[in-house]
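Read off the chains here:
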2 protein chains.
Amino acid sequence: MSDLPRHVDIHEEGPREGFQIEPGPISTERKIALIDALSETGLKRIQVASFVNPKRVPGWADAEAVVAGIHPHQGVRYTALWLNEKGLERAVALNGKLSLRGNISMCASEPFSRRNQNRGLEENVRVQHAQIGIFKANGIPVESISMMAAFGCNFAGEITPATVVATAAQGFDIAAAHDLTIKSLSLADTMAWATPESIKRVVGAVRERWPALRLNLHLHDTRGLGLANAYAGLEMGVASFDASVAGLGGCPFAGHKGAAGNVCTEDLAFMCEEMGIETGIDVEKLVAAAQLAEEIVGHPLPGSVMRGGTLAKYRKH
Amino acid sequence: MSDLPRHVDIHEEGPREGFQIEPGPISTERKIALIDALSETGLKRIQVASFVNPKRVPGWADAEAVVAGIHPHQGVRYTALWLNEKGLERAVALNGKLSLRGNISMCASEPFSRRNQNRGLEENVRVQHAQIGIFKANGIPVESISMMAAFGCNFAGEITPATVVATAAQGFDIAAAHDLTIKSLSLADTMAWATPESIKRVVGAVRERWPALRLNLHLHDTRGLGLANAYAGLEMGVASFDASVAGLGGCPFAGHKGAAGNVCTEDLAFMCEEMGIETGIDVEKLVAAAQLAEEIVGHPLPGSVMRGGTLAKYRKH
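If you're wondering where the values come from, they're calculated on a predicted model, not measured in any experiment.

1. Quick notes on the relation of the copies chain B and chain A
Alright, step 1. Mapping chain B onto chain A calls for a screw motion: a turn of 180° about the axis and a shift of 0.0 Å along it, with 0.0 Å RMSD after fitting. Such a combination of turn and shift is consistent with a two-fold rotation axis. Among all C-alpha atoms of chain B, that of A228 of chain B lies closest to the rotation axis, at 1.9 Å.
Alright, step 2. Taken together, the interface assignments show that 100% of the residues at the interface of chain B recur at the interface of chain A, consistent with an identical surface on both copies.

2. Observations concerning the pairing of strand β3 (residues 77–82) of chain B
Residues and elements named next belong to chain B.
Alright, step 1. Note that strand β2 (residues 45–51) and β3 share six bridges and pair parallel. If you follow R45 over to β3, its bridge partner there is R77.
Alright, step 2. One crossover worth recording links β2 to the parallel β3 by way of helix α3 (residues 63–69), and it is right-handed.

3. Comments concerning the packing of helix α8 (residues 196–209) of chain B against helix α9 (residues 226–235) of chain B
Residue and element names in this part refer to chain B.
Alright, step 1. Running from N to C, α8 and α9 cross one another at 35°; their axes reach a closest spacing of 8 Å. You can see that α8 and α9 cross each other, and the crossing is right-handed. Residues P196, I199 and K200 of α8 touch α9, and the partners they reach there are A228, N229, A232, G233 and E235.
Alright, step 2. Of the residues belonging to the contact of α8 with α9, the class tally is four nonpolar, two polar and two charged.

4. Section: the sheet that holds strand β1 (residues 9–12) of chain A
All names here are of chain A.
Alright, step 1. Ordered in space as β3-β2-β1-β8-β7-β6-β5-β4, the eight strands form an open sheet in which the pairing is parallel. Whereas interior strands pair on both sides, the edge strands pair on one side only; in this sheet they are β3 (77–82) and β4 (102–107). Between one strand axis and the next, the sheet turns through 25° on average, direction left out of account.
Alright, step 2. Bridging between β4 and strand β5 (residues 142–148) involves five bridges; their strand directions are parallel. Considered in β5, the bridge of S105 is made with S146.

5. A closer look at the side chain of Q128 of chain A
Residues and elements named next belong to chain A.
Alright, step 1. Residue position: Q128 is located in helix α6 (residues 121–137).
Alright, step 2. Judged by its relative accessible area of 3%, Q128 is buried.
Alright, step 3. Non-local contacts of Q128, meaning those with residues more than four positions away in its chain, are made with N103, I104, S105, R119 and I174.

6. Some details on the side chain of K200 of chain B
Alright, step 1. Of note, K200 of chain B is situated in helix α8.
Alright, step 2. The exposure class assigned to K200 of chain B is buried, which follows from its relative accessible area of 3%.
Alright, step 3. One polar contact links K200 of chain B to E235 of chain A, side chain to side chain, over a distance of 2.4 Å.

7. Things to note about the interface of chain B and chain A
Alright, step 1. Contacts between the two partners involve 47 residues from chain B, matched on the other side by 47 residues from chain A.
Alright, step 2. Both sides of the chain B and chain A interface together cover about 3600 Å² of buried area, and 62% of this is carbon and sulfur.
Alright, step 3. Between E158 of chain B and R315 of chain A there is a salt bridge, with the nearest N and O atoms lying 2.5 Å from each other.
Alright, step 4. Elements that contribute at least two residues to the side of chain B that touches chain A include exactly α8, α9, α10 (265–274), α12 (305–308) and α13 (312–315) of chain B.
Alright, step 5. Among the elements that line the side of chain B that touches chain A, the one with the most residues is α9 of chain B, at five residues.
Alright, step 6. Residue composition of the side of chain B that touches chain A, grouped by class: 21 nonpolar, 14 polar and 12 charged.

8. Considerations on helix α2 (residues 28–39) of chain A
Residue and element names in this part refer to chain A.
Alright, step 1. Taking 1.5 Å of rise per residue, the 12 residues of α2 would be expected to cover 16 Å, and the 16 Å separating its terminal C-alpha atoms lies within 8% of that figure.
Alright, step 2. Of the positions making up α2, those classed as buried are T28, K31, I32, L34, I35, D36, L38 and S39.
Alright, step 3. Residues of α2 that are buried in the fold lie against β1, α1 (14–21), β2 (45–51), α3 (63–69), β3 and α11 (283–297).

9. Details of helix α4 (residues 85–92) of chain A
Residue and element names in this part refer to chain A.
Alright, step 1. Looking only at α4, the buried set comprises G87, L88, R90 and A91. When α4 is viewed along its axis, its buried side chains cluster within an angular range of 160° and face the same direction. α4 presents K86 and E89 as exposed residues on the side facing more than 90 degrees away from its buried surface.
Alright, step 2. Looking at the buried residues of α4, the elements they touch are β2, α3, β3 and α6.
Alright, step 3. Where α4 starts, the residue carrying a side-chain oxygen 3.3 Å from the main-chain nitrogen of K86 turns out to be N84.

10. Quick notes on the packing of helix α7 (residues 161–177) of chain A against helix α8 (residues 196–209) of chain A
Residues and elements named next belong to chain A.
Alright, step 1. Where α7 meets α8, the closest approach of the two axes is 9 Å, and the angle between their N-to-C directions is 45°. Taken together, the axis directions place α7 and α8 in an arrangement best described as oblique. Helix-helix and strand crossings are classified by hand; for α7 and α8 the assignment is right-handed. Between α7 and α8, the residues in contact are P161, V164, V165 and A169 and R201, V202, A205, V206 and R209, respectively.

11. Topic: the packing of aromatic side chains
Alright, step 1. Tallied over the entire structure, the rule returns 10 aromatic pairs over all chains.
Alright, step 2. The side chain of K31 of chain A reaches across the aromatic face of W60 of chain A, ending 4.9 Å from its centre.

12. Examining the state of the cysteines
All names here are of chain B.
Alright, step 1. With the rule as written, the count across this model stands at zero disulfides over all chains.
Alright, step 2. With no disulfide of its own, C153 has C107 as its nearest cysteine by sulfur position, at a separation of 7.0 Å.
Alright, step 3. With no disulfide of its own, C272 lies 12 Å from the sulfur of C264, the closest cysteine sulfur.
Alright, step 4. Judged by its relative accessible area of 0%, C272 is buried.

13. Here we look at the sheet that holds strand β7 (residues 214–218) of chain B
The pairing of strands in a sheet happens through backbone hydrogen bonds and is either parallel or antiparallel.
Residue and element names in this part refer to chain B.
Alright, step 1. Pairing is parallel across the open sheet formed by eight strands, whose spatial order is β3-β2-β1-β8-β7-β6-β5-β4. Each edge of the open sheet is held by one strand with a lone partner, namely β3 and β4 (102–107). Between one strand and the next, the sheet's axes are offset by a mean angle of 25°, whatever the strand orientation.
Alright, step 2. The strands that α10 touches are β1 (9–12) and β8 (240–243); relative to β1, the one it contacts most, it runs at about 170°.

What counts, and where the lines are drawn
Residues numbered from 1 in each chain as written. Chains lettered and ligands numbered in written order. Predicted model: local features only at pLDDT ≥ 70, side-chain atom pairs only at ≥ 80, totals over all residues. Heavy atoms only, no water. Least-squares fit on C-alpha atoms with pLDDT ≥ 70 in both. Contact = heavy atoms within 4.5 Å. Pairing = 2+ DSSP bridges. Helix = DSSP H or I, 4+ residues; strand = E, 2+ residues; numbered from the N terminus. Right-handed = clockwise from strand over helix to strand, strands pointing away. Axes fitted to C-alpha atoms, helices over the stretch in contact; angles between N-to-C directions. Left-handed = near helix turned anticlockwise from the far one by under 90°. Nonpolar A, V, L, I, M, F, W, Y, C, P; charged D, E, K, R; others polar. Buried < 20%, exposed > 50% of the residue type's maximum accessible area, 1.4 Å probe, protein only. Polar contact = N/O pair within 3.5 Å; in protein donor to acceptor, adjacent residues only side chain to side chain. Buried area = accessible area lost by both parts, 1.4 Å probe. Salt bridge = Lys/Arg side-chain N within 4 Å of Asp/Glu carboxyl O. Expected span 1.5 Å × (residues − 1). Arc of directions from axis to C-beta. Parallel < 35°, antiparallel > 145°, perpendicular 65-115°, else oblique. Phe/Tyr/Trp six-rings, centres within 6.5 Å; stacked < 30°, edge-to-face > 60°. Lys NZ or Arg CZ within 6 Å of the ring centre and 35° of its normal. Disulfide = S-S within 2.5 Å.

Here is the structure:
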């Protein structure tokens, strides 16, 4: 009936997503407390900071102090985000405690790329070539391609599976020019256009072209379809997802303020575990971390299992 | 890949579910205003009142006045809930404006039936026989079986597909004893235990036994899986769902206060329409009704599309 994976990896992006968008201010200590709590849950990869312009994103002015303060947990990989060379420099200075990976960043929509990245897709190809040079110079491995707007775009409308495949192929061409071996492709539903059926169409088209490629989905829950879309991905054998504890972080592209952003980590982990798919995550601990996140930001967050509770206590009877 | 229906029917239960649980007080006029707004959305069936003990459910003390005040819309069937003979009498007095249907009410869990209905399953069979007599005496047709706790139970744990099939078979036996023809079976995830995979297992088992039977799903979103479960139902060809505008109504069986209840009507309709499944519903109008519901209850409700917006405005570009 379906091709569910036995195990999925969930990449936690809540601290980075959340603290950049929350009106705050949130103290460095509280940020560290949340990351340390997440480190105890069984998550294997946590994006802990954003090295961006502190004038534009004041919530991450203390990125260095947060990374310095966290207590790394054996087996957890701590990652960070940067948007330009200055940001990368700041991240590189902390490599060792951080575990940086480069990425070929593509976009399936020309108008979204112009608005969000301030460059067209052709220019983006040149930028990606240059980025790879910088990654190499800093000893940062590049093994993945990511793609924004892979399921639809507020400015370009529908994105076809053919466009996604063509955009990924461009990414592979860039990689090939630098003798890089790409192991994974991450497809982002940046503006929350995906449905379970479009997930299947796009993943199916990519799978057909690159059968051995590891796929990751970065899903937004802005219109409530986050977990349904994740389930469609699981049915297609997708075994890697980005998610955000408690649903931390909003969606800047939504029609109204207060819309949800990333799919919620503990809800996704709960769904997987209930279906017998291993996540390596202790969902109860993750729910406690989600409740801590809500306490830290001081307002309700979108997560459901943190309110509804897991089923563990009923099974003990 | 899947067996999606071309058209689904969504039964609106928000007014009944919501106004019984909201701390209120909510004026009769505001209740009527919401129902009238829902009548304009294309919904074909709206549960508009609950005829229950006003001492136990003060939010529905004005059930008669609400039914008297609504402006019926051509093609919309207005239904109501009752829990005993006294309630049925009150509903019958309004039949004509209401469009009452009887139902054989089963439960897949003995301990839940004892706690929730104050009777064991054997006694419930006797009660259902008696109920049918009352329905017949009042000229109310009985063409459906409903089943609570069909996917799991806080007091009994997992519910197997075999138990669901056996419970449905008991319902069919009751119907047969009264020469009733059952056209549909509604399976309720009363305590939010279902996952997309258990939806498929249970629906598959029922389908195998009664291939021509129309199935309805009553899903709760308490743990965030409501739409994922609905999608799994759609994949199995289920074409009828209960839902609640804006996610009105909570879940009394959740671990924590403030947990979501029924799956949200406009989110479900949005998902269906985006996948090309007709609902007959104008999602924009339904979003406006959801926003009205939130205004009426005076606090945030769980719906997502009412915050994230639909995609219509981006498609017009």
